[in-house]
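Spelled out from the first residue to the last, the chains are:
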Amino acid sequence: MDQSSLVYGAVILLSGGIASLYTLLVLWSPPPIITHDSEKKYLSNASPKKPLPLTRLADPSTVDLTIVVPAFNETERLPAMMQDTIQHLASVSAGLEHKRTYEILVVDDGSSDGTSVTALELAKKYPQANIKVVTLEKNIGKGGAVRHGMLYAGGERLLMADADGASRIQDLEELWKAMDKIAPDNGPGVVVGSRAHLVKSEAVVKRSLLRNILMYGLHTILRIVGVGHIRDTQCGFKLFSRSAAQQIFPAQHLPTWIFDVELLLLAKQLRIPVAEVPIEWHEVAGSKLNVVTASVQMLRDLLIVRANHLLGRWTAYPAKQKSE
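Residues numbered from 1 in each chain as written. Predicted model: local features only at pLDDT ≥ 70, side-chain atom pairs only at ≥ 80, totals over all residues. Heavy atoms only, no water.

- In the annotation of an unreviewed UniProt entry, the chain is listed under the name dolichyl-phosphate beta-glucosyltransferase and assigned to Psilocybe cubensis.
- In UniProt, the chain has this text filed under Catalytic activity (unreviewed entry): "a di-trans,poly-cis-dolichyl phosphate + UDP-alpha-D-glucose = a di-trans,poly-cis-dolichyl beta-D-glucosyl phosphate + UDP". (UniProt positions renumbered as here; feature names shortened; annotations may be inferred.)

Listed below in structure tokens is the structure:
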């Protein structure tokens with residue numbers, strides 16, 4: 001066999017390998033998230049039977065703040081979180097010259113335990129709070145539930161907050177101050193609640209060995225994929241300006257729990273400023289995360305995100321470019 005034949009064969013093998021990897025990437029990448037007509041509407045205390053249309057993210061804001069609460073089988077943990085949240089919002093608003101208007105958007109991610117019913121009962125219990133309940137037709141994952149809530153939120157600023165109440169709602173004010181600094185005049189900005197300062201604390205040390213191994217392994221991989229500058233990507237307490245959300249969430253693809261990394265990669269790609277603010281946090285019983293399967297899914301999804309962004313299959317465009 002001459003040298004040219006060897007080169008030709010190597011090229012064939014290399015091309016076939018690249019084609020195979022690309023095919024696997026396409027097959028493993030999640031399909032587009034489909035939004036059903038019923039999911040574009042909500043129920044509330046004011047309208048508990050007749051669904052009303054939600055505000056689209058592309059439209060002008062209707063309130064100062066939207067809190068998006070993804071909820072999957074959260075009948076037990078949601079009431080305490082909602083009580084703390086509403087009490088805090090009321091106390092803050094009372095002390096402000098300009099009353100902070102808000103809405104709380106509970107996104108039931110296809111629960112089987114009556115989470116939507118519980119959320120509507122809470123809306124009735126707290127009629128002064130603007131609680132809206134959206135029920136997804138099937139479970140799509142925490143990332144998909146957050147994305148849906150953000151795409152149909154009316155706030156000028158949008159907070160994602162977990163239903164378990166593990167993050168202290170009072171720390172919203174620290175995120176708010178940081179947003180004022182990095183995104184004045186309602187410009188694009190993201191503020192990340194961070195538990196990095198708690199790594200050596202009792203709250204983290206007492207977690208299971210598997211969870212801590214997962215945490216350190218995740219940090220190593222994050223440095224590889226390009227968001228190692230954020231010390232805590234996974235805290236479910238993040239504040240977005242409306243202009244940032246309008247660019248980030250339509251471009252989000254991952255519906256799984258590692259979606260936070262994709263959001264931060266998109267912010268980096270779009271050159272949206274990101275601040276990280278220490279917050280208080282505590283473990284809450286009842287987590288539905290399977291550490292072993294989550295670890296495998298985490299690695300797969302991070303590779304999928306990075307590969308799709310490097311190849312340009314997934315991308316986002318600044319608002320100015322998008323409108324041209």
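### Brief notes about the pattern of salt bridges
For step 1, the next point in the chain: A full pass over the atoms with the stated rule returns 13 salt bridges.
For step 2, the next point in the chain: The shortest N-O distance in the salt bridge between Glu 103 and Lys 132 comes to 2.8 Å. One end of the pair, Glu 103, is in strand β4 (residues 102-108); the other, Lys 132, is in strand β5 (residues 131-135), with 29 residues separating them in the sequence.
For step 3, the next point in the chain: On the basis of relative accessibility, which here comes to 2%, the residue Glu 103 falls in the buried class.
For step 4, the next point in the chain: Here Asp 171 and Arg 168 are joined by a salt bridge, their closest N and O atoms 3.0 Å apart.
For step 5, the next point in the chain: Under the relative-accessibility criterion, Asp 171 is labelled buried at 5%.
For step 6, the next point in the chain: Put simply, Glu 74, Arg 77 and Asp 164 are held in one network by salt bridges that share partners. (Salt bridge = Lys/Arg side-chain N within 4 Å of Asp/Glu carboxyl O. Helix = DSSP H or I, 4+ residues; strand = E, 2+ residues; numbered from the N terminus. Buried < 20%, exposed > 50% of the residue type's maximum accessible area, 1.4 Å probe, protein only.)

### Quick notes on empty space enclosed by the protein
For step 1, the next point in the chain: Counted under the stated rule, the structure contains one cavity of 30 Å³ or more.
For step 2, the next point in the chain: A volume near 40 Å³ is recorded for the largest cavity.
For step 3, the next point in the chain: What lines the largest cavity is simply Ile 33, Ile 34, Thr 35, Glu 39, Leu 136, Ile 140, Gly 144, Arg 147 and His 148.
For step 4, the next point in the chain: A per-class count over the lining of the largest cavity returns four nonpolar, three polar and two charged. (1 Å grid on protein atoms, 1.4 Å probe; cavity = no way out; pocket = protein on both sides within 12 Å on 5 of 7 lines; lining within 4 Å. Points joined across faces, edges and corners; volume = space filled by probe spheres on them. Nonpolar A, V, L, I, M, F, W, Y, C, P; charged D, E, K, R; others polar.)

### With respect to the packing of aromatic side chains
For step 1, the next point in the chain: This model, assessed by the stated rule, comprises one aromatic pair.
For step 2, the next point in the chain: Summarising the aromatic geometry, the rings of Phe 240 and Phe 249 are spaced 4.9 Å apart at their centres and angled 70° between planes, so their arrangement reads as edge-to-face. In this pair, the class of Phe 240 matches that of Phe 249, namely buried.
For step 3, the next point in the chain: When the ring centre of Trp 176 is taken as origin, the NZ or CZ atom of Arg 157, which lies over that ring, is 4.6 Å away.
For step 4, the next point in the chain: Here Arg 195 stacks its cationic end above the ring of Trp 281, 5.2 Å away from the centre of that ring. (Phe/Tyr/Trp six-rings, centres within 6.5 Å; stacked < 30°, edge-to-face > 60°. Lys NZ or Arg CZ within 6 Å of the ring centre and 35° of its normal.)

### Some remarks on the nonpolar core
For step 1, the next point in the chain: Counting 45 residues, the largest nonpolar core has Met 150, Val 190, Phe 240, Ile 248, Phe 249, Ile 258 and Ile 272 as the members making the most contacts within it.
For step 2, the next point in the chain: Taken together, the elements giving at least two residues each to this core come down to β4, α4 (142-151), β6 (155-161), β7 (190-194), α8 (242-248), α9 (259-269) and α10 (291-311).
For step 3, the next point in the chain: It is α9 that contributes the most residues to this core, seven residues altogether.
For step 4, the next point in the chain: Setting aside residues no more than four positions away along its own chain, Phe 240 makes contact with Met 150, Glu 156, Arg 157, Leu 158, Met 160, Met 179, Gly 189, Val 190, Ala 245, Ile 248, Phe 249 and Leu 263.
For step 5, the next point in the chain: Core analysis: the second largest hydrophobic core is formed by 36 residues, Val 69, Ile 104, Val 106 and Ala 119 among them. (Core = buried A, V, L, I, M, F, W, Y, C linked by side-chain atoms within 4.5 Å. Contact = heavy atoms within 4.5 Å.)

### Remarks on the UniProt feature "transmembrane region" (unreviewed entry) in the chain
For step 1, the next point in the chain: UniProt tags residues 6-28 as "transmembrane region" (unreviewed entry).
For step 2, the next point in the chain: Along residues 6-28 the backbone is 100% helical and 0% strand, and the end-to-end C-alpha distance reaches 33 Å.

### So, the pairing of strand β1 (residues 41-44)
For step 1, the next point in the chain: On β1, burial follows the alternation: Tyr 42 and Ser 44 on one face are buried, whereas Lys 41 and Leu 43 on the facing-out side are not.
For step 2, the next point in the chain: Note that β1 and strand β2 (residues 52-53) share two bridges and pair antiparallel. Note on β2: the bridge partner recorded for Tyr 42 is Leu 52.
For step 3, the next point in the chain: Note that β1 and β5 share two bridges and pair antiparallel. Each residue of the ladder has a partner; that of Ser 44, found in β5, is Lys 132. (Pairing = 2+ DSSP bridges.)

### Thoughts on the sheet that holds β5
For step 1, the next point in the chain: With mixed pairing, nine strands are arranged side by side in an open sheet as β2-β1-β5-β4-β3-β6-β8-β7-β9. Single-partner strands in this sheet number two, and they are β2 and β9 (274-278).
For step 2, the next point in the chain: In the packing of helix α2 (residues 78-94) onto the sheet, the strands contacted are β3 (63-71), β4, β5 and β6, and the crossing angle to β4 comes to about 165°. (Axes fitted to C-alpha atoms, helices over the stretch in contact; angles between N-to-C directions.)

### Observations concerning the environment of Gln 269
For step 1, the next point in the chain: Topologically, Gln 269 is positioned in helix α9.
For step 2, the next point in the chain: For Gln 269, a relative accessible area of 33% puts it in the partly exposed group.
For step 3, the next point in the chain: Each C-alpha atom of the pair Gln 269 and Ala 316 lies 7.5 Å from the other, and the pair is 47 residues apart in sequence.
For step 4, the next point in the chain: With residues near it in sequence (within four places) discarded, Gln 269 still touches His 309, Thr 315 and Ala 316.

### Here we look at the packing of α2 against helix α3 (residues 115-125)
For step 1, the next point in the chain: Remark: α2 packs on α3, axes separated minimally by 10 Å, with the N-to-C direction vectors making an angle of 30°. Put simply, α2 runs roughly parallel to α3. Crossing of α2 over α3 shows right-handed handedness. Listed contacts from α3 to Leu 78, Pro 79 and Met 82 of α2 are Thr 118, Ala 119 and Leu 122.
For step 2, the next point in the chain: Grouping the constituent residues of the contact of α2 with α3 by class yields five nonpolar, one polar and no charged. (Parallel < 35°, antiparallel > 145°, perpendicular 65-115°, else oblique. Left-handed = near helix turned anticlockwise from the far one by under 90°.)

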